[in-house]
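Fold and contact review
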Amino acid sequence: MTKYHKPEAKVIQELRDLAHKLRIDSINATNASNSGHPTSCASIAEIMSILFFHVMRYDLKNPRDPSHDRLILSKGHAAPVLYAAWAEAGLFPVSDLLNLRKVDSDLEGHPTPRLNFIDVGTGSLGQGLSIACGMSYVGKYYDKASYRTYCIIGDGESAEGSIWEAMNFASYYNLDNLCAIFDVNRLGQSEPALLQHRIDVYRKRAESFGFHAIVVDGHDVEELCKAFHEASVTKGKPTAIVAKTFKGKYFPDIEDLVEWHGKPLGAQAESVIQHLKTMIRNPNKTILQHPAPEAPLAPVLPQKRVKLSTPPAYKKGEKVATRLAYGTALAKIATDNDRVIGLDGDTKNSTFSDKIKKSFPDRYIECFIAEQNLVGVAIGAACRDRTIPFVSTFATFFTRAFDQIRMGAISQTNVNFVGSHCGVSIGEDGPSQMALEDIAMFRAVPGSTIFYPSDAVSAERAVEIAANTKGICFIRTSRPNTAILYDNDEPFAVGQGKVLRSSNNDKLLIIGAGVTLYEALDAAAELQSKYNINARVIDPFTVKPLDSELIISNAGQCGGKILTVEDHYPEGGLGEAVMSVVAEHSNITVKKLAVNAMPRSGPPNVLLDMFGISAKNIVKNAVNWV
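Position numbers for residues count from 1 along each chain, tracking the sequence in the order it is written. Local features in this predicted model are restricted to residues whose pLDDT is 70 or higher, and side-chain atom pairs enter the listing and the counts only when it is 80 or higher, whereas totals over whole chains, interfaces and linings include all residues. Each side-chain value is derived from all of the structure's non-hydrogen atoms; neither hydrogens nor water enter the calculation.

**So, the side chain of T347**
We count it as follows: Strands here mean DSSP runs of E at least two residues long; helices mean DSSP runs of H or I at least four residues long; both are numbered from the N terminus. Here a residue-residue contact requires only that any non-hydrogen atoms of the pair lie within 4.5 Å.
Following the sequence through the fold, T347 ends up in the loop between β7 (340–344) and α11 (348–351). In this view, T347 contacts S392, T393 and F394; residues no more than four positions away in its chain are not counted.

**Concerning the pairing of strand β19 (residues 589–593)**
Looking along a regular strand, one sees the side chains alternate between the two faces of the sheet. As a reminder, the rule being used: Any two strands between which DSSP finds at least two bridges are classified as paired. Handedness of a crossover is defined as follows: with both strands directed away from the viewer, a clockwise route from the first strand across the helix to the second makes it right-handed.
In this structure, strand β18 (residues 561–565) lies alongside β19, joined through five bridges in parallel fashion. Pairing of L563 across the sheet is with K591, part of β19. After leaving β18, the chain enters helix α19 (residues 574–581) and then returns to the sheet as β19, a path that is right-handed.

**A closer look at the pattern of salt bridges**
Inclusion rule: Here, a salt bridge means any Lys or Arg side-chain nitrogen found within 4 Å of an Asp or Glu carboxyl oxygen. Exposed residues in this analysis have more than 50% of their type's maximum accessible area, buried residues have under 20%, and partly exposed residues fall in between, with area computed by a 1.4 Å probe over protein chains only.
Tallying each qualifying case throughout the model produces 30 salt bridges. In this structure, K6 and E222 form a salt bridge, with 3.0 Å as the shortest nitrogen-oxygen distance. Of this pair, K6 sits in the segment before α1 (9–33) while E222 sits in helix α8 (residues 221–233), and the two are 216 residues apart along the sequence. Judged by relative accessible area, E222 falls into the partly exposed class, the value being 29%. Two residues, E108 and R114, come together in a salt bridge whose shortest N-O distance is 3.0 Å. Within the structure, one salt-bridge network assembled from shared partners comprises D200, R203, K204 and E207.

**Overview of the packing of helix α10 (residues 322–336) against helix α16 (residues 456–467)**
Quick reminder of the rule: For helices, the fitted axis covers only the stretch in contact; all axes are lines through C-alpha atoms, and the angles between them, taken along N-to-C directions, range from 0 to 180 degrees. Angle categories are assigned with fixed cut-offs, so that under 35 degrees is roughly parallel, over 145 is roughly antiparallel, 65 to 115 is roughly perpendicular, and the rest are oblique. Handedness of a helix crossing follows the sense of rotation of the near helix relative to the far helix, less than a right angle counterclockwise being left-handed and clockwise being right-handed. Any residue outside Ala, Val, Leu, Ile, Met, Phe, Trp, Tyr, Cys, Pro, Asp, Glu, Lys and Arg is labelled polar, Gly included; the first ten of those are nonpolar and the last four are charged.
Contact geometry for α10 and α16: axes closest at 8 Å, N-to-C directions at 45 degrees. The angle between α10 and α16 places the two elements in the oblique class. Our pair here, α10 against α16, has a crossing hand that is right-handed. Along the contact surface, α10 presents T322, A325, Y326, T328, A329, L330, K332 and I333, while α16 presents A456, A459, E460, V463, E464 and A467. Classifying every residue of the contact of α10 with α16 by side-chain character gives nine nonpolar, two polar and three charged.

**Brief notes about the sheet that holds strand β8 (residues 364–366)**
Judged by pairing direction, the sheet is mixed, and its seven strands sit side by side in the order β8-β7-β9-β10-β12-β11-β17 without closing on themselves. The open sheet is flanked by β8 and β17 (542–544), the only strands paired with a single partner. Taking each pair of neighbouring strands and ignoring which way they run, the sheet shows an average axis angle of 20 degrees. Bridge count for strand β11 (residues 449–451) against strand β12 (residues 473–476) is three bridges, and the pairing is parallel. Following the sheet pairing, I450 is matched in β12 by F474.

**A few points about the sheet that holds strand β5 (residues 239–244)**
The sheet built from five strands is open, its strands ordered β1-β2-β3-β5-β4 with parallel pairing. Two strands bound the open sheet, and with one partner strand each, they are β1 (70–73) and β4 (212–217). Sheet twist, expressed as the mean angle between neighbouring strand axes with direction ignored, is 20 degrees. Here six bridges tie strand β2 (residues 149–154) to strand β3 (residues 178–184), and the two strands are oriented parallel to one another. Opposite I152, over in β3, you have I181 as the bridge partner. Its contacts with the sheet put helix α3 (residues 45–55) on β1, β2, β3 and β5, and the angle it makes with β2 is roughly 175 degrees.

Structure (structure tokens):
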């Protein structure tokens, strides 16, 4: 172990002074906005002072330099003290802090990447450590660089199970470049936190999860300096610094009182500030400097378009599940680009993400059955454009991680989600395994792109396109084998659908996707042969965005009647997406076929028929309508 050298007394005092300056800055900022959490800032003032002026390596000219340390403020409501630390370091004027929470300022109530020194949005509690794990994993195993990741966690949010999912992950993968800092300030929002100041319980829990645990007085600068040094030289396991702190520390008549959560100090601000100023020994600008980065540095990554290493190679009519084509395509783009990675939650032999593991074992991350952490790790891995993550599991299991996905959008993340086993077409596994809400969920995510490939060719191209698409992408794959519809060289693009069947005398436009596209094609053939009704069929390829021009123009050529059919609940799915794009066209009418009742176990074809989305049901509805 590298010997610890205690900082000089002058340095210790300056770090104390800086902590008080950060407290004053936080009070002034929250008072100016008449909202915020100054007491939550006060409990981590010494931690922030030491991180920014003694421990962390960062570049004011390029705060997201890939070779520099990362800091995740999981307790995002303490944003003012984070902003204050950057301001006191010289990134921007301290006076700008008075713009906190103003509509024309990016110093929002909780951190977001609108600011160039923020990697991810935080504030929905319990998510920061998973993101930090993703960053640390990339640093240790892909970048092989010296940068470290620090995550400040509130004691209240440690009640979230996702924190412990992340701790399990961190110790399993020996993330010794990760330091979790628990701010145990005793108080939650409305009452004392679960464990209050039972510090030994925090220590034992951290140790039981495989962390090197260090208990400190979170307001003692010397103890904190020594703890951060010990964390930096601990090998083979992550470190948890358990800091006993007090909410509103050094705020007279406010410290450690429960009713002061989320309140500016108002009329008491001036007296508290004057008290803090008496504790500052050197009121002048600090001379402290933060450390420079150390070798090895993160490699510079080439910016190039991701491609399939070889084009799709299928025969028309051959039956291949789109989930299998996903696995094939993932391995192909990984061959083309060594920063493509796959993550899964112990479903890799069903989603076929195991194909990347077989081809590139070091580019696959098993996150086990902990979907919230799975998503958080992927968001962290994508930060600073270090990897291109593809996250797969059964589509229905993404619902338990919706908050992480929602926060990913706020974080401006580029993560690709791939959900298999969608709809009643999965068959005998029953409703708990059937994704019937997933399209609605991902449609609600701002800036998302939703791919719904129907055959293996379009599935491979969806993977290729998603790898090059900004924002959150969702690829919905199916369990059943489906016939190849497209030539291997068929071009695909976001927001461009395909007309698969048409005539000059079509009376109805049918739109299906995945397994229901085949039901639509079978129904169209039967309508023509048995009832002399010509129906046109469209494959949308992407549900968000839809090819609105294609749909509207073809609907007009088909008498203004559209029938949508989907293996999804009616709320928020394909049908409602189509209705949205034609809403202003009074000459177009849409009828939806969707899964309208709670499904059950059974053979896929039986369930498609039972729940109204089979070819037989399409024909029945078309004949009655047309």
